[in-house]
Amino acid sequence: MATYEPFYNRTMELPEELLVGAIDSHVHAGPVLRSNPGHFDPIQVAEMARAAGMRTILYYDVFGWASGTAWMVNRYMKDFRTYGGYLMNSSHGGMNPRAVRTALNLGEGCRMISFGSHCTWHSATTESTLVDGKLVPFKDAIPGFAEKELSRAIRIPLDGPVPDALKEILDMVAERPEVYLNTGHVSGPEAMRVVDLAEQWGIRKVLVAHPARALLTVEQQKDIARRGFFLEACAVDFGGPWMPQTHYYVERELMDMSSLVHGRAMSWLQGIRDVGPEQFVLATDYGVRVLPSPIEGMRMMISMLLYFGFSIEEVQTMTATNPARLIGLDG
């Protein structure tokens, strides 16, 4: 395989070649709510990844535990090992140390503890429904939503004392060097606070998740990279179609319609260039059936990176080397 792709000699084969050894550290696979658009099942995704020569995948579960999913897949597929993480969500009590401790000891254990996805305070206050053709946040459009859901949502204190529950969770992650802390769908200031607390607690591996990273300035992202932590960019940020993909709540009226709004590939790729690829982890955030498979999403993303002039070495750093370091596969 060449070390770079000449502009006037591009091939169809190179993206497939770069899938070999790649890691997708952000894969969604069922089960999900029956009202969601549907997901590939975990074994399907693992079989596709193995067939493409990928090294591994890490499952996300919007509703909680995914290390149990990985355990079941690994029992079925003896020659391909997968991993899982835990998302602290309101259905499991939010910032709940007991749930985190359970996750860390479930199956073969988990490699990620995340501050949650759609039901963080930031997401729960911004996800919206259409009212007379305009997006209106759930908290303003749905009676009782603020009282019932925002009280359960994860919110990182920006100053003052660290809550006991958060202290206990940080202690547990700090004790496990194979586990990384994921900022989840928190706000920009909250993400920076998580990074500061991780340093204070001696946590060596943090991933600033792509929704939080999008809220940070280039200088803030460079600061995070200088500290040795990772920044996430996902194919769904530029490659997802303009349609609802996943919702968290059971109720019909709580389907987030703001997912209709997506960024563009140029700004997504320029953000990586501005900060530098050295501390980036690229993943897909795919698995929903209205999107291509996670493996095809990874191939598309690699193709885009090559098209816009990223070197083969940079692509491999972001899709193979850094994810392996994050999950704890290479020391």
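The name recorded for the protein chain in an unreviewed UniProt entry is Amidohydrolase family protein, from Kaistia soli DSM 19436.

Turning to helix H4 (residues 97–104), its buried residues number three or more, namely Pro97, Ala99, Val100, Ala103 and Leu104. Mapping the buried residues of H4 onto a view down its axis gives an arc of 160 degrees, with all of them on the same face. On the buried face of H4, the contacting elements are helix H3 (67–76), strand S3 (83–87), strand S4 (112–114) and helix H8 (164–174). A distance of 3.0 Å separates the backbone nitrogen of Arg98 from a side-chain oxygen at the start of H4, and that oxygen is part of Asn96.

This brings us to the pairing of strand S5 (residues 128–131). Relative to strand S6 (residues 134–137), S5 is paired through 4 bridges, and the arrangement is antiparallel. Residue Leu130 lies in a different strand from S6, and its bridge partner there is Leu135. Following S5, the chain reverses through 2 residues before pairing antiparallel with S6; Asp132 in that reversal takes a positive phi of roughly 50 degrees.

Turning to the pairing of strand S10 (residues 280–283), a few remarks are in order. Side chains on a regular strand alternate between the two faces of the sheet. With burial as the criterion, each face of S10 is covered, one bearing Phe280 and Leu282 and the other bearing Val281 and Ala283. With 4 bridges joining them, strand S9 (residues 230–234) and S10 adopt parallel strand pairing. Within S10, the residue paired with Glu232 across the bridge is Val281.

This part is about the state of the cysteines. By the definition in use, this model includes 0 disulfides. No disulfide involves Cys110; its nearest neighbouring cysteine sulfur is the one of Cys119, lying 17 Å away.

A cluster of nonpolar side chains, contributed by Met266, Tyr307 and Phe308, occupies part of the molecular surface with about 330 Å² of accessible area. On the secondary structure map, Phe308 appears in the loop between helix H14 (294–307) and helix H15 (312–327). Judged by its relative accessible area of 33%, Phe308 is partly exposed.

A few words on the nonpolar core. If you look at the biggest cluster of nonpolar residues, it comprises 81 residues, and the most contacted ones within it are Ile57, Tyr59, Met88, Ile113, Phe115 and Leu181. Broken down by element, this core gets its largest block of residues, 7 residues, from helix H9 (residues 188–201). Phe115 has contacts with Met88, Met95, Thr120, Ile154, Ile156, Leu166, Leu181, Asn182, Thr183, Gly184, Val186 and Val194, leaving out every residue within four places of it along the chain. Counting residues in each nonpolar core, the second largest holds 13 residues, with Tyr60, Leu87, Leu207 and Ala324 among its members.

Applying the stated criterion across every chain, the model contains 13 salt bridges. Ionic pairing is found between Glu175 and Arg176, a salt bridge with its closest N-O pair at 3.7 Å. When its relative accessible area of 59% is taken as the criterion, Glu175 is described as exposed. Two residues, Arg273 and Glu314, come together in a salt bridge whose shortest N-O distance is 3.2 Å. Pair noted here: Arg273 is in helix H13 (residues 265–275) and Glu314 is in helix H15, with a separation of 41 residues, a long-range link. Given the relative accessible area of 33%, Arg273 is considered partly exposed. Judged by relative accessible area, Glu314 falls into the partly exposed class, the value being 21%. A single network of salt bridges, built from pairs that share partners, joins Asp196, Glu199, Asp223 and Arg227.

Basis of the calculations
- Residues numbered from 1 in each chain as written.
- Predicted model: local features only at pLDDT ≥ 70, side-chain atom pairs only at ≥ 80, totals over all residues.
- Heavy atoms only, no water.
- Buried < 20%, exposed > 50% of the residue type's maximum accessible area, 1.4 Å probe, protein only.
- Helix = DSSP H or I, 4+ residues; strand = E, 2+ residues; numbered from the N terminus.
- Arc of directions from axis to C-beta.
- Contact = heavy atoms within 4.5 Å.
- Polar contact = N/O pair within 3.5 Å; in protein donor to acceptor, adjacent residues only side chain to side chain.
- Pairing = 2+ DSSP bridges.
- Disulfide = S-S within 2.5 Å.
- Patch = residues over 30% accessible without salt bridge, like charges linked within 9 Å, V, L, I, M, F, W, Y side chains within 5 Å.
- Areas by Shrake-Rupley, 256 points an atom, 1.4 Å probe, with all protein chains shown as cover.
- Salt bridge = Lys/Arg side-chain N within 4 Å of Asp/Glu carboxyl O.
- Core = buried A, V, L, I, M, F, W, Y, C linked by side-chain atoms within 4.5 Å.

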